[in-house]
Number of protein chains: 2
Amino acid sequence: MALVVQKYGGSSVESAERIRRVAERIVETKKAGNDVVVVASAMGDTTDELLDLADQVCPAPPQREMDMLLTSGERISNALLAMAISSFGMEAYSFTGSQAGIITTTKHGDSRIIDITPGRVRDALDQGKIALVAGFQGVSRETLDVTTLGRGGSDTTAVAMAAALGADVCEIYSDVDGIYTADPRIVPDARKLDSISYEEMLEMAAVGSKILNLRSVEFARRYHVPLRVRSSYSTNPGTLVAGKVEDIPVEDAVLTGVAHDASEAKITVVGIPDQPGYAAKIFRVVADAEINIDMVLQNVSKAEGKTDITFTCPREVGARAVEVLSQAKDDLGIDQVLYDDNVGKVSLVGAGMKSHPGVTATFCESLSEAGVNIELISTSEIRISALVREDELPESVRALHAAFELGGEEEAQVYAGTGR
Amino acid sequence: MALVVQKYGGSSVESAERIRRVAERIVETKKAGNDVVVVASAMGDTTDELLDLADQVCPAPPQREMDMLLTSGERISNALLAMAISSFGMEAYSFTGSQAGIITTTKHGDSRIIDITPGRVRDALDQGKIALVAGFQGVSRETLDVTTLGRGGSDTTAVAMAAALGADVCEIYSDVDGIYTADPRIVPDARKLDSISYEEMLEMAAVGSKILNLRSVEFARRYHVPLRVRSSYSTNPGTLVAGKVEDIPVEDAVLTGVAHDASEAKITVVGIPDQPGYAAKIFRVVADAEINIDMVLQNVSKAEGKTDITFTCPREVGARAVEVLSQAKDDLGIDQVLYDDNVGKVSLVGAGMKSHPGVTATFCESLSEAGVNIELISTSEIRISALVREDELPESVRALHAAFELGGEEEAQVYAGTGR
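By the naming in an unreviewed UniProt entry, chain A goes by Aspartokinase and is assigned to Dietzia psychralcaliphila. Looking at the Sequence similarities (unreviewed entry) heading of the UniProt record, one finds this comment for chain A: "Belongs to the aspartokinase family." Word for word, the UniProt comment on chain A under Function (unreviewed entry) is "Catalyzes the phosphorylation of the beta-carboxyl group of aspartic acid with ATP to yield 4-phospho-L-aspartate, which is involved in the branched biosynthetic pathway leading to the biosynthesis of amino acids lysine, threonine, isoleucine and methionine."

Okay, the sheet that holds strand 19 (residues 376-380) of chain A next. All names here are of chain A. Here we have four strands laid out as an open sheet, ordered 13-18-20-19, and antiparallel in their pairing. Strands with a single pairing partner mark the edges of an open sheet, and in this sheet they are strand 13 (257-261) and strand 19. Each adjacent strand pair in this sheet contributes to an overall mean axis angle of 20°, direction not counted. In this structure, strand 19 lies alongside strand 20 (residues 383-389), joined through five bridges in antiparallel fashion. Residue pairing in the sheet places Thr 379 in a bridge with Ile 384 of strand 20.

Looking now at the confidence of the model for chain A. Residue and element names in this part refer to chain A. On average, residues of chain A score 91 in pLDDT, and 96% of them reach the 70 mark or higher. Looking at the elements of chain A, mean pLDDT is at its lowest for helix 11 (residues 352-355), recorded as 81, and at its highest for strand 2 (residues 35-40), recorded as 98. Counting contacts from residues 414-420, a segment whose pLDDT is below 50, to residues more than four positions away or on other chains yields 27 contacts. Here the predicted complex scores 0.84 on pTM and 0.83 on ipTM.

Moving on to the packing of helix 2 (residues 46-57) of chain B against helix 3 (residues 63-87) of chain B. All names here are of chain B. Running from N to C, helix 2 and helix 3 point in directions that differ by 150°, and their axes come no closer than 9 Å. Here helix 3 runs roughly antiparallel to helix 2, going by the angle between their axes. The two elements helix 2 and helix 3 cross, and the hand of that crossing is right-handed. Contacts between helix 2 and helix 3 pair Thr 46, Thr 47, Leu 50, Leu 51 and Ala 54 from the former with Met 66, Leu 69, Leu 70, Ser 72 and Gly 73 from the latter. Looking at the contact of helix 2 with helix 3 residue by residue, the class counts come to six nonpolar, four polar and no charged.

Residue and element names in this part refer to chain A. Quantified by volume, the second largest pocket comes out at close to 1400 Å³. Arg 151, Asn 213, Leu 214, Pro 314 and Glu 316 are, among the 42 residues lining the second largest pocket, the residues nearest its centre. Looking at the lining of the second largest pocket, the elements that each hand over two or more residues are helix 3 (63-87), helix 6 (198-206) and helix 7 (214-222). Considering each element in turn, the lining of the second largest pocket owes the most residues, four residues, to helix 3. The class makeup of the residues in the lining of the second largest pocket is 15 nonpolar, 13 polar and 14 charged.

Let us look at the relation of the copies chain B and chain A. Relating the two copies of this chain is a rotation about some axis coupled with a shift parallel to it. Here chain B sits on chain A after a turn of 180° about the axis and a move of 0.1 Å along it, with an RMSD of 0.1 Å. Taken together, the turn and the small shift mark the pair as related by a two-fold rotation axis. Among all residues of chain B, the one whose C-alpha sits closest to the rotation axis is B:Ser72, at a distance of 2.6 Å. Both copies present the same face, since 100% of the interface residues in chain B are matched by interface residues at the equivalent positions in chain A.

Our next topic: helix 5 (residues 153-165) of chain B. Residue and element names in this part refer to chain B. Between its first and last C-alpha, helix 5 extends 18 Å over 13 residues, near the 18 Å set by a 1.5 Å rise per residue. Along helix 5, eleven of the 13 residues are buried, which leaves the element largely enclosed by surrounding structure. When we look at burial in helix 5, the residues that qualify are Gly 153, Ser 154, Asp 155, Thr 156, Thr 157, Ala 158, Val 159, Ala 160, Met 161, Ala 162 and Leu 165. Gly 166 occupies a position one or two residues after helix 5 and carries a positive phi of about 65°.

Our next topic: the UniProt feature "binding site: ATP" (unreviewed entry) in chain A. Residues and elements named next belong to chain A. The positions UniProt marks with the feature "binding site: ATP" (unreviewed entry) are Lys 7, Tyr 8, Gly 9, Gly 10, Tyr 180 and Arg 185. An extended arrangement is adopted by the annotated residues: their sequence extent is 179 residues, and the largest C-alpha distance between any two is 24.5 Å. Those annotated residues from the list above that line the second largest pocket are Lys 7. Here Tyr 8 shows up in strand 1 (residues 3-8). Overall, Tyr 8 belongs to the buried group, its relative accessible area being 0%. Setting aside residues no more than four positions away along its own chain, Tyr 8 makes contact with Val 13, Val 22, Arg 25, Ile 26, Val 38, Val 39, Ala 40, Ser 41, Tyr 173 and Ser 232.

Residues and elements named next belong to chain B. Topologically, Glu 381 is positioned in the loop between strand 19 (376-380) and strand 20 (383-389). Expressed as a C-alpha distance, the spacing of Glu 381 and Met 353, which sit 28 residues apart in the sequence, is 7.4 Å. Beyond its immediate chain neighbours, meaning those up to four positions away, Glu 381 contacts Met 353 and Lys 354.

It is worth spelling out the sheet that holds strand 10 (residues 195-196) of chain B at this point. Residues and elements named next belong to chain B. Reading across from one edge, 3-6-2-1-9-11-12-10 is the order of the eight strands in this open sheet, with mixed pairing throughout. Two strands close off the open sheet at either side, each with one partner strand: strand 3 (92-95) and strand 10. Two elements, strand 1 (residues 3-8) and strand 9 (residues 169-174), share five bridges in a ladder whose sense is parallel. Note that in strand 9 the partner of Tyr 8 across the bridge is Tyr 173. Contacts between helix 5 and the sheet are confined to strand 1, strand 2 (35-40), strand 6 (130-134), strand 9 and strand 11 (227-231), with strand 1 contributing the most and set at about 175° to the helix.

About the criteria used
- Residues numbered from 1 in each chain as written.
- Chains lettered and ligands numbered in written order.
- Predicted model: local features only at pLDDT ≥ 70, side-chain atom pairs only at ≥ 80, totals over all residues.
- Heavy atoms only, no water.
- UniProt positions renumbered as here; feature names shortened; annotations may be inferred.
- Pairing = 2+ DSSP bridges.
- Helix = DSSP H or I, 4+ residues; strand = E, 2+ residues; numbered from the N terminus.
- Axes fitted to C-alpha atoms, helices over the stretch in contact; angles between N-to-C directions.
- pLDDT = per-residue confidence, 0-100.
- Contact = heavy atoms within 4.5 Å.
- Parallel < 35°, antiparallel > 145°, perpendicular 65-115°, else oblique.
- Left-handed = near helix turned anticlockwise from the far one by under 90°.
- Nonpolar A, V, L, I, M, F, W, Y, C, P; charged D, E, K, R; others polar.
- 1 Å grid on protein atoms, 1.4 Å probe; cavity = no way out; pocket = protein on both sides within 12 Å on 5 of 7 lines; lining within 4 Å.
- Points joined across faces, edges and corners; volume = space filled by probe spheres on them.
- Least-squares fit on C-alpha atoms with pLDDT ≥ 70 in both.
- Expected span 1.5 Å × (residues − 1).
- Buried < 20%, exposed > 50% of the residue type's maximum accessible area, 1.4 Å probe, protein only.

Dropping the structure here:
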């Protein structure tokens, strides 16, 4: 008998009808002889509706109360799911994050799980019940207040529960039936992967794949929890996320896929004194503003002993980055700060990169052949990313996907985002 | 500095705009130098919407999950209220029933409060914060599951909190601005009472006054918590519920008001052997079906050594009462069971009854003068109730209200019900 943790995204439980359909699937899994723990997100639009209400009563709501407000969404969906399961003749208990023993830090709105004491969940399983755990939420160890785990929090809840209970697999259900070699909306012949290593999935998530939340994949890797990305609309086995890159035999190592991301902005700091320490000063200013930097390029020094530095950061904090740098202009001894958010990042990910020489060459060639100019390039052991014009992003993805022959035979089904 | 507990009903927080208005009132009370604890019900229709969802996913939802589902309504309204308060520059913390230490029995859907450990609420007050407690909910001492207190539960939460914290007053806010001598929708010159004793309020609530939940008044009497029934739309001081009937000087004792109730049904058991024990048998059968009996009348014995018994019970269980009695027909030795739900109960309540002779006489005279026939009559020390035809109920109320000169000068403002 296996222990299966299943996570259902907001779109999978957006209506009473969908909740009943999901309940059927859960009951089937239980009847197949498994212990089942379910983590569900809030119903479709619930979160947006609650955020809208909050916005109406208070311009800048306290995060503690925001967490109290938003977590009710998962209480509702999980209780309804438990009811639906019972209507199919199985006993189900729903638990809040606190009841399920999800202990977190106190940073409201973006807490970290620091411990899990799933005693009550285990008891429910021992009694033959199906246990439902409200996703996205926990309880602060210090204040005992309700906390939330931030974006993609329900994935993290599911993986953490699976780790704490020693589950055999953690299935992540959404309206996406797996991890694709590229976004099928852009690349019609994108192929669904049967499996992918944690590292490759991390790279894919880090460079734009929205299917799995980055933190949940890190969690899964650390605790060796096999993840399975599946669709709640099909019986397709989906994609298995498991295993280390090191464990992939060189001859089997392949290129995984092409990801893209249009959420970054490019900032260029012009005229930096070409002396040790000035670049550091710049990144310190940006870091102090709590802005994360992604790609970085330092141009070759120019005649007059000055140099430029270009980096990318999330668009929503781009203006802020320009602001703090401009304010520190004199102190940094720089001439000017340029901002450009018509950029997009295209990335090729795959363990095969290590063993197949010339990948970078082919990468650059295929883009230039597509008439795409590379403005910035950065690489990791199993990833190459290039910054291009935003409007050239789709063409770039198609060019790379074709150049590395990642396509499959049949047309991929198009899917949408998955919310929390 | 006083400690004030304020309870706001669902209609008082039914929209973002109303929540902000209520928040202003709370902030004013705090600024006036009081410690303030607030108990709010779920927003207007939330409960109905959640019940509707439950109905869609499961024909007979498990009560445990129903409690988990419904309690989210109060979490939402209290969190929003806390946000609104903070937008007026005051710090507010919302607590779930469990966080507020409301310990209950395990009977889901209708739990009883068995203990209150308001440590966190007190800490919040000590830190100068306004404390909000989600009404209607608690946590089971045995199972640690979320429980609900049943109809009018938020009133009970407020009174229990006031008792546990030793509050100076518990203000019950709704769209009603006080306790009236009769329902102003029926009696235009109904008068708002400045004060009423616990016993009188209990009688009024017991015989149809919907303004205060019976259990909360019992709670207030037991722990000597002064209640003030007020409207969240006016600054009117409302009606004070406090004091014992015994403490009312005889010369001040008056008749409080006329209440009516059209929620009962009349059941007549015909042809009962007129021997000791048979009546008891009948009430045992009804009691075993968990049906509460209100008024009872045993007719005088008839020639053939048989008698009839008539009693009233809530309409929603009337059919069930007939069913269980009919099933036990032979065992009870009865001829037939008659059912009639076109009845209404009109009651006169007041401590003055004890000291003013002839009240019963005037009661009956005024009804007969109004052409109303009394089918059943029952009395307590401070109440007289009569069962009449349902369509004669309004006229009966007006007749009694006039006969005992309970009216005031100005026209009363018409109000509606208040939900939880």
